[in-house]
Amino acid sequence: MNAHRTRSAWQRVDAGKLLVIAVAVLLVAVSVTRVAAVGLQQPDVAVLFGVLIALGELFRMVMPGNREVAPVATAGAVGYALLVGVGPENAPPGALLGVHPAVHSPLQVVAVTAVGMLVGSLPHAAVGRMPRPDAMARRLLIVAVVALCFRPLPALDLDWQLLLAAMCLTVVISCFTDVVVAAWIRAETVRARFGIALRDEIRAKMALCAATNATAMLIAVATTVLGPVALAVFTAPILVTQFAFRRYSGVRATYLQTVRALSRVTEVGGYVETGHSRRVSRLAVGMGRELGMCEEELLELEYAALMHDIGQLSLGDPIPGGATVLASPTEQRRIAELGAEVIKQTGVLDRVAHIVKLSSHPYRTAASPDESAAAHTSRRGKGETAGADDGVERPAPPPLASRIIKVANAYDDLVGDSSDRDRGAAVLERLRLDSASEYDPAVVEALSRVVERRTRV
């Protein structure tokens, strides 16, 4: 039984994650074996950087989007990979700038980084906060890229200007590699398009990546000039940056927790079925990914989907089962507008309020008989033949997020928490029949793909 569960868990891991983890494990095995065979070069320096990496791993954090990062550990490891020398003391005659040259190999950088990451993760593991293997593997691979690209250069006796230029080019390559690998893994994990995932990763990580690598270069240069004391002095900037990012992540998490708590008010009050808001938000986010929405848009969509029914609190008599899809269009619009007014009171979710307000609007607004007749007369006067387009200017359709919520809400109102595939198929067919005016056909098809994928899991 346990073996079967283990196999099932591994089968659920995406191929991208498995490949990154496998490459990292192989690289660590080769590096540790090589260092054990030839010995540790400049062990005092290796221990200092290993301690810094371990401390950085101890203070790792989770950014919005469930991105695990360890800026201090990454800065220390990359700094060790970029190290040219160690301080002016006890330098041999003729050494570069009068410092003791750093002679460690790329494989030693990988081995020291791996040991430091492992030691720093032990306290987390002891209290049940297991690290994410794919995140650790990706951080290790980025350090390996920097080490393999830069470590051969100090032996060429290049000028400092060229070495600094090489450092800059190397960290740019590492940032690009990190973003691409992270986007590849994320695209598989959340079933998003690679282009969308890449854009999200650039927005989410480039600022932190720039700060981390700038600190790494500062550590490498300062340690070369000042010695090991520079590690303590020049790690401070990335610590401040990490605390700022941690605070930002905490605010985002608090917002989402507050919205989720508010969404349950309608369930506790008996206005909607238990779990309705959560199910609608999951469907909506899945549909948004299918339709190519970026991470920021998906977050607003999730907020709006969770609170789309909050306007029902104004009703004297709850709608049976909370199914607003069965209410009249006038009542649906009233509920959405009242809910939008409640959301506006937060002062920070105006765009979410706009999405909720328009979530009751039909995809296409039909022209009135008088408008159609006027358009037909105008066409005849111009010698045109009336076709499918009656020439009447209609309002623009609601925003994509509003159309998604409308479809997701209608589906869950009619299906609920039922797992009956025939019932779900019948509801999808009903939504398709109404997609000429009420629902966006592209959104309905996105829902069909999300539902089909979930039934296969």
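Coordinates for the structure precede this section.
For every chain, the first residue of the written sequence is number 1, and numbering continues from 1 along that sequence. Only residues with pLDDT of at least 70 are given local features in this predicted model, and only at 80 or more are side-chain atom pairs given and counted; all residues enter the totals for whole chains, interfaces and linings. Calculated side-chain values reflect all of the structure's heavy atoms, with hydrogen atoms and water omitted.

### Observations regarding the overall build of the protein chain
A tally of helices and strands in the protein chain yields 19 helices and four strands. Per-residue accessibility, obtained with a 1.4 Å probe over protein chains only, is compared with the maximum for each type, and a residue is labelled buried under 20%, exposed over 50%, and partly exposed between these values. By residue count, 47% of the 457 residues in the protein chain fall in the buried class. Between two residues, a contact is recorded if the distance between any of their heavy atoms is within 4.5 Å. Within the protein chain, contacts between residues at least 6 apart in sequence are counted, and of these 72% link residues at least 24 apart. Strands here mean DSSP runs of E at least two residues long; helices mean DSSP runs of H or I at least four residues long; both are numbered from the N terminus.

### Topic: helix 15 (residues 350-357)
Helical periodicity: at 3.6 residues per turn, an α-helix aligns residues three or four positions apart in one direction. Those residues of helix 15 not exposed but buried are Val 352, Ala 353, Ile 355 and Val 356. Burial along helix 15 is one-sided: seen end-on, the buried residues are contained in an arc of 160°. Elements in contact with the buried residues of helix 15: helix 13 (295-306), helix 14 (329-344) and helix 17 (400-415). This arc is built from the directions going out from the helix axis to the C-beta atoms.

### Some thoughts on the pattern of salt bridges
What counts as a salt bridge is simple: a side-chain nitrogen of Lys or Arg found within 4 Å of a carboxyl oxygen of Asp or Glu. Evaluation of the coordinates by the stated rule reveals 23 salt bridges. Among the ionic pairs, Arg 260 bridges to Glu 302, the shortest N-O distance being 3.3 Å. Placement of Arg 260 in helix 10 (residues 236-263) and of Glu 302 in helix 13 is noted, with a sequence separation of 42 residues between them. Owing to a relative accessible area of 16%, Glu 302 belongs among the buried residues under this scheme. Residue Arg 279 is joined to Asp 412 by a salt bridge in which the shortest nitrogen-to-oxygen separation is 2.7 Å. Separated by 133 residues along the polypeptide, Arg 279 in helix 12 (residues 276-290) and Asp 412 in helix 17 bring together distant segments of the chain. The same class applies to Arg 279 and to Asp 412, which are both buried. Overlapping salt bridges, with partners in common, bring together Glu 57, Arg 60, Glu 68 and Arg 139 in one network.

### Some details on a nonpolar patch on the surface
Where nonpolar side chains cluster on the molecular surface, the patch consists of Val 47, Val 51, Leu 55, Leu 58 and Phe 59 and spans about 430 Å² of accessible area. With respect to the helices, strands and loops of the structure, Val 51 is situated in helix 3 (residues 43-58). Each patch is built from residues that are more than 30% exposed by relative accessible area and take part in no salt bridge. Like charges join if they lie within 9 Å; nonpolar side chains (Val, Leu, Ile, Met, Phe, Trp, Tyr) join within 5 Å. Each accessible area is a Shrake-Rupley estimate made with a 1.4 Å probe; only the visible protein chains count as cover when residues are assessed.

### Considering helix 7 (residues 160-190)
Along its 31 residues, helix 7 runs 44 Å from first to last C-alpha, staying within 8% of the 45 Å computed at 1.5 Å per residue. Two residues or fewer past helix 7, Arg 191 is found with a positive phi of approximately 60°. Here the expected span of a helix is defined as 1.5 Å times the quantity of residues minus one.

### Brief notes about the state of the cysteines
Disulfides are defined as pairs of cysteine sulfur atoms found within 2.5 Å of each other. Evaluation of the coordinates by the stated rule reveals one disulfide. What pairs with Cys 175 in a disulfide is Cys 209, and their sulfur atoms sit 2.1 Å apart. Classification of the bridge connecting Cys 175 and Cys 209 rests on its S-S torsion, roughly -115°, and on that basis the disulfide is left-handed. Of the two residues, Cys 175 is situated in helix 7 and Cys 209 in helix 8 (residues 194-226); the sequence distance between them amounts to 34 residues.

### Notes on the environment of Glu 296
When you line up the elements, Glu 296 lands in helix 13. Residue Glu 296 is classed as partly exposed on the basis of its relative accessible area, which comes to 49%. Spatially, the C-alpha atoms of Glu 296 and Asp 200 are 8.2 Å apart, while their sequence positions differ by 96 residues. Not counting residues within four places of it along the chain, the set of residues in contact with Glu 296 comprises Arg 203 and Arg 351.

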